[in-house]
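Each chain, written out:
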Protein chains: 2
Amino acid sequence: MSRRRQSVTIRHVAADAGVSLQTVSRVINKEAGVRPEMQQRVQASIEKLGYVPSLAAQRMSGSRSYLILALNDRERTISDWQKREGGDWVGQMMLGGCTACAEHGYRMIVELIDTNSANIERELAGAIAALQPDGAILTPPHSQNQDILDYLHKAGIKIARIGSQTPGPGFCITMDDEGGARRATEHLLTLGHRRIGFIAGPEDYELSAWRVAGWKAAMAAAGLPTDDLLVTGDFTYASGLEAARNLLDHARPSAIIASNDQMAIASLAVVRGRGQSVPQDLSIVSFDDTPIIRYATPPITAVAQPIAAATEKAARLIIAACASNAKGDSSELEMANVASDLVLRESTRAVKN
Amino acid sequence: MSRRRQSVTIRHVAADAGVSLQTVSRVINKEAGVRPEMQQRVQASIEKLGYVPSLAAQRMSGSRSYLILALNDRERTISDWQKREGGDWVGQMMLGGCTACAEHGYRMIVELIDTNSANIERELAGAIAALQPDGAILTPPHSQNQDILDYLHKAGIKIARIGSQTPGPGFCITMDDEGGARRATEHLLTLGHRRIGFIAGPEDYELSAWRVAGWKAAMAAAGLPTDDLLVTGDFTYASGLEAARNLLDHARPSAIIASNDQMAIASLAVVRGRGQSVPQDLSIVSFDDTPIIRYATPPITAVAQPIAAATEKAARLIIAACASNAKGDSSELEMANVASDLVLRESTRAVKN
DNA sequence: GTGAAAGCGCTAACAA
DNA sequence: TTGTTAGCGCTTTCAC
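Remember, it's a predicted structure, so these values are computed and weren't measured experimentally. (Residues numbered from 1 in each chain as written. Chains lettered and ligands numbered in written order. Predicted model: local features only at pLDDT ≥ 70, side-chain atom pairs only at ≥ 80, totals over all residues. Heavy atoms only, no water.)

### Overview of the sheet that holds strand E8 (residues 255-258) of chain A
Backbone-to-backbone hydrogen bonds pair the strands of a sheet. The strands run either parallel or antiparallel.
All names here are of chain A.
Right, so step 1: The mixed open sheet is built from six strands, whose spatial order is E7-E6-E8-E9-E10-E12. At either end of the open sheet lies a strand with only one pairing partner, and these are strand E7 (230-232) and strand E12 (341-343). Across the sheet, the mean angle from the axis of one strand to that of its neighbour is 20°, orientation sign disregarded.
Right, so step 2: Note: strand E6 (residues 196-200) against E7, three bridges, orientation parallel. Note on E7: the bridge partner recorded for Phe198 is Leu230.
Right, so step 3: Most of the contacts of helix H10 (residues 206-221) go to E6, to which it runs at about 165°, and overall it touches E6, E7, E8 and strand E9 (283-288).
Right, so step 4: Each of E6, E7 and E8 is contacted by helix H11 (residues 237-250), which is oriented at about 155° to E6, the strand it contacts most. (Pairing = 2+ DSSP bridges. Helix = DSSP H or I, 4+ residues; strand = E, 2+ residues; numbered from the N terminus. Axes fitted to C-alpha atoms, helices over the stretch in contact; angles between N-to-C directions. Contact = heavy atoms within 4.5 Å.)

### As for the pairing of strand E3 (residues 135-138) of chain A
Residues and elements named next belong to chain A.
Right, so step 1: A two-sided burial pattern is seen for E3, the buried positions comprising Gly135 and Ile137 on one face and Ala136 and Leu138 on the other.
Right, so step 2: In this structure, E3 lies alongside strand E4 (residues 158-162), joined through four bridges in parallel fashion. When the sheet's bridge partners are listed, Ala136 is paired in E4 with Ile159.
Right, so step 3: Regarding the hand of the β-α-β motif, the stretch spanning E3, helix H8 (residues 146-154) and E4 is right-handed. (Buried < 20%, exposed > 50% of the residue type's maximum accessible area, 1.4 Å probe, protein only. Right-handed = clockwise from strand over helix to strand, strands pointing away.)

### Quick look at unusual backbone geometry
Right, so step 1: In this chain, Pro140(A) is followed by Pro141(A) through a cis amide linkage whose omega measures 0°.
Right, so step 2: Within the secondary structure, Pro141(A) is located in the loop between E3 and H8.
Right, so step 3: Of note, the bond from Val278(B) into Pro279(B) is cis; its omega dihedral lies within 30 degrees of zero at 10°.
Right, so step 4: Turning to its location among the elements, Pro279(B) is positioned in the loop between helix H12 (261-273) and strand E9 (283-288).
Right, so step 5: Non-glycine residue Phe235(A) carries a positive phi angle of around 80°.

### Focus: the sheet that holds strand E5 (residues 171-174) of chain B
Residue and element names in this part refer to chain B.
Right, so step 1: Here six strands make up an open sheet; going across it, the order is E2-E1-E3-E4-E5-E11 and the pairing parallel. One side of each edge strand has no neighbouring strand; the edge strands of this open sheet are strand E2 (107-113) and strand E11 (335-337). Across the sheet, the mean angle separating the axes of adjacent strands is 20° when strand polarity is ignored.
Right, so step 2: Strand contacts of helix H6 (residues 89-104): strand E1 (67-73), E2 and strand E3 (135-138), with the helix running at about 150° to E2, the strand carrying the most contacts.

### Observations concerning the protein's contact with DNA strand C
Right, so step 1: Contacts to DNA strand C come from 27 residues, most closely from Thr23(A), Met60(A), Ile10(B), Gln22(B) and Tyr51(B).
Right, so step 2: When the atoms of DNA strand C within 4 Å of the protein are grouped by moiety, sugar and phosphate amount to 66% of the total.
Right, so step 3: Take Ser20(A): an N or O atom from its side chain is 2.9 Å from a phosphate oxygen of DNA strand C.
Right, so step 4: Between a phosphate oxygen of DNA strand C and a main-chain N or O atom of Ile10(B), the distance comes to 2.3 Å.
Right, so step 5: Of all the secondary-structure elements, those providing two or more residues to the surface near DNA strand C are helix H2 (21-28) of chain A together with helix H2 (21-28) and helix H4 (55-60) of chain B. (Near = heavy atom within 4 Å. Polar contact = N/O pair within 3.5 Å; in protein donor to acceptor, adjacent residues only side chain to side chain.)

### Some details on the relation of the copies chain B and chain A
Right, so step 1: The transformation that overlays chain B on chain A combines an axial shift of 0.0 Å with a rotation of 180°, and the residual RMSD is 0.1 Å. Here the symmetry operator amounts to a two-fold rotation axis.
Right, so step 2: Most of the interface of chain B is mirrored in chain A: 98% of its interface residues are interface residues there too. (Least-squares fit on C-alpha atoms with pLDDT ≥ 70 in both.)

### A closer look at the interface of chain B and chain A
Accessible area lost on assembly of the parts is the figure often given for the size of an interface.
Right, so step 1: Counting residues at the interface gives 55 residues for chain B and 54 residues for chain A.
Right, so step 2: Here chain B packs against chain A, burying approximately 4700 Å² in sum over the two surfaces, 53% of which is carbon and sulfur.
Right, so step 3: There are four salt bridges connecting chain B and chain A.
Right, so step 4: The salt bridge involving Asp88(A) is made with Arg84(B); its shortest N-O contact spans 2.9 Å.
Right, so step 5: Across the contact surface, chain B and chain A share 15 residue pairs in polar contact (both at pLDDT 80 or more).
Right, so step 6: Of all the secondary structure elements, the ones that give two or more residues to the side of chain B that touches chain A are H4, helix H5 (74-83), H6, E2, helix H7 (120-131) and helix H13 (307-326) of chain B. (Buried area = accessible area lost by both parts, 1.4 Å probe. Salt bridge = Lys/Arg side-chain N within 4 Å of Asp/Glu carboxyl O.)

### Here's the deal with the side chain of Ser340(B)
All names here are of chain B.
Right, so step 1: Examined against the element boundaries, Ser340 turns out to sit in the loop between E11 and strand E12 (341-343).
Right, so step 2: On the basis of relative accessible area, Ser340 is assigned to the buried category, the value being 4%.
Right, so step 3: Within the structure, Ser340 has its side chain in polar contact with the side chain of Asp176 (distance 3.1 Å).
Right, so step 4: Apart from residues lying up to four places away in sequence, Ser340 is in contact with Met175, Asp176, Gly180, Arg183, Val303, Ala304 and Pro306.

### Observations regarding helix H3 (residues 36-49) of chain A
Residue and element names in this part refer to chain A.
Right, so step 1: For H3, spanning 14 residues, the distance from its first C-alpha to its last is 20 Å, which sits close to the expected 20 Å at 1.5 Å a residue.
Right, so step 2: Taken residue by residue, H3 has Met38, Val42, Ser45 and Ile46 as its buried positions. One side of H3 holds all its buried residues, which, seen down the axis, span an arc of 100°. For H3, exposure combined with an orientation more than 90 degrees from the buried face picks out Pro36, Glu37, Gln40, Glu47 and Lys48.
Right, so step 3: Considering only its buried residues, H3 is in contact with helix H1 (10-17) and H2.
Right, so step 4: Two residues or fewer past H3, Gly50 is found with a positive phi of approximately 65°. (Expected span 1.5 Å × (residues − 1). Arc of directions from axis to C-beta.)

### Observations concerning the domain arrangement of chain A
Residue and element names in this part refer to chain A.
Right, so step 1: Entries for chain A in the domain assignment read domain 1 (10-61), domain 2 (67-175 + 308-340) and domain 3 (177-304).
Right, so step 2: Spacing between the C-alpha centres of domain 2 and domain 3 amounts to 29 Å.
Right, so step 3: Residue-level contacts link 13 residues of domain 2 with twelve residues of domain 3.
Right, so step 4: Between domain 2 and domain 3, a total of about 1000 Å² is buried, with carbon and sulfur atoms accounting for 45% of that surface.
Right, so step 5: Applying the counting rule to domain 2 against domain 3 returns zero salt bridges. (Domains from an automatic or database assignment.)

### A closer look at the packing of helix H11 (residues 237-250) of chain B against H12(B)
Residues and elements named next belong to chain B.
Right, so step 1: At a minimum axis separation of 7 Å, H11 and H12 run at an interaxial angle of 50°. Our classification of the angle between H11 and H12 gives oblique. For the element pair H11 and H12, the recorded crossing hand is right-handed. For the pair H11 and H12, contact is made by Tyr237, Ser239, Gly240, Leu241, Ala244, Arg245 and Leu248 and by Gln262, Met263, Ile265, Ala266, Ser267, Ala269, Val270 and Val271, respectively.
Right, so step 2: The residue makeup of the contact of H11 with H12, split by class, is ten nonpolar, four polar and one charged. (Parallel < 35°, antiparallel > 145°, perpendicular 65-115°, else oblique. Left-handed = near helix turned anticlockwise from the far one by under 90°. Nonpolar A, V, L, I, M, F, W, Y, C, P; charged D, E, K, R; others polar.)

### Digging into the nonpolar core
Right, so step 1: Within the largest apolar cluster, 106 residues are counted, with the highest numbers of intra-cluster contacts made by Leu152(A), Ile173(A), Leu152(B) and Ile173(B).
Right, so step 2: Not counting the four nearest positions on each side in its chain, Ile173(B) is found in contact with Ala160(B), Arg161(B), Ile162(B), Gly163(B), Ser164(B), Ala310(B), Lys313(B), Ala314(B), Leu317(B), Ala336(B) and Val338(B).
Right, so step 3: Counting residues in each nonpolar core, the second largest holds 94 residues, with Ala184(B), Leu189(B), Val231(B) and Leu241(B) among its members. (Core = buried A, V, L, I, M, F, W, Y, C linked by side-chain atoms within 4.5 Å.)

Right, dumping it as structure tokens:
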């Protein structure tokens, strides 16, 4: 029991089908140049014996590892898990990632990396050396971290970056932040709102600027000014409180778009605290659509961040790159954008007379 | 680039330290019988070169794979992710599992398996053959599935079963269901409640019975009857509605304990629907403590299911078993129980005069 | 189109 | 206590 071995190996299949190991290997890897007849014979043996290749052995002999790393920020992820407030970023990644991976025999492994650590590279190097993944899916803030990008690139690992367009190696997948902000703003404009305040996210997140841009574009298209309607938070509840107060005190908006759910919830609390109500006195639109805002009173209209779709796309790009890489052509930098959705709930309403 | 190789191998370390491969291997695996002097020399080379062993190679040569599978029910898990209602079972597993795994160089891979499928064994066999994990952590309903247990046992894979005490191979980790139910009941008793209704979970979940047992024990200790106070649901919201109506119509309880959050939320809705309120007219206690009940109005008092702690324990047991297994002693069946917590919120109050 | 040989990085068994 | 050898299961050469 101590020394476990593969029960059915390529050798058994080869023997059963009466062919060489190499032919079996070719069939497994769907390589061209095998007679259909052989191909079928081998396939039959594989099914009959229930053969499944060992990832370890495949990786050992210099081919793919069929492993994709999902690199997330440790502190943020652990904190989300510990709070148990419904933050489901990683869950959504798994949902999208597993879907794509399962179709091609890949696995996704969640790996947490410290952002603010001197040994960020040591941690990463350890994971890479141990697992030798074929690709890595990066999420903010890692997706714009040059050190990480360089390291992965040099190691020959396919990169898919979610939520970043910073120049660098790998695919970039954006989640339609600008479009989402635009649609949210247009939704409010349609409801007659003219003074639409915007609480931006911190500048070190690239998507903060994209969201602001979408809002500004929609406002400009409607010929409306945005001068005093923009305040900046840092994605925390506390910053949302301050931003909302600021906005309500000085800009007198009839609607507020917050750049994430925490700040939207905070805005809701501020309005409440002033004896007013949502959506009667103020409309609120949020960003991200994590579970928390479904349970707010009222449930908040939000731009849903398509994390699952983005991760699925990321995985597919990596898998495709691995496949084509084998055939020799080098992967080009590619941009992809997955659509976000505006989910209408009860926090938006036509502006008061 | 196509053919990636380990950049630093055991060979480099051996050369750098001027020892044999085997000595390096011994140091890596912390085997006894290496002179401290050598040990340090090798260790220094390892650090200097940034060497990290390849899991694939380690597994290939017949030792551990350092991989632990977290086997979950596919349908349930995917559904939780898609609904985005805050169900955080897998997240909690990762939280606990990663903690334990990280300390010993293991990784946890989430693998979804269909419960109601003829090819349940095929799916499992595929995952086992591909990954050759050292252990598997099973959650209900898999943790009481004899086919799965047998298959894993025969494959020599260490098993940790969460939420099951059905006889069979592997460690059993329970989450203090009975104790939690008892404490919840005692809490209500302390508040003066005498008629405490209980909505049980479906019988095919072992923990359903444990929860009922805890409630019965506490009631019995207080000399109270439970005859007409027990109804059974199936963990769905709909079944919760029916169960609560049933209870309120016939048993006239002043408090209800629901065996999970969905049914607790449903009970809350029923009370509301009858123009009454919680906790003024009825106290409610829930089980599991998923995010959803934090956002209920009022937030619901609940027995928190310690999934993270249970998974951590499971991973530790498996890792320890792998280590001792190497030394030859066979692992005995072992039971573990991780404590659950009663989280007091606003849905419980002293009984009306 | 197919097969035989070599080797990936590591550990188990043995020898020294 | 340390080193040597063989081989894990697979893919990559390179022959045929």
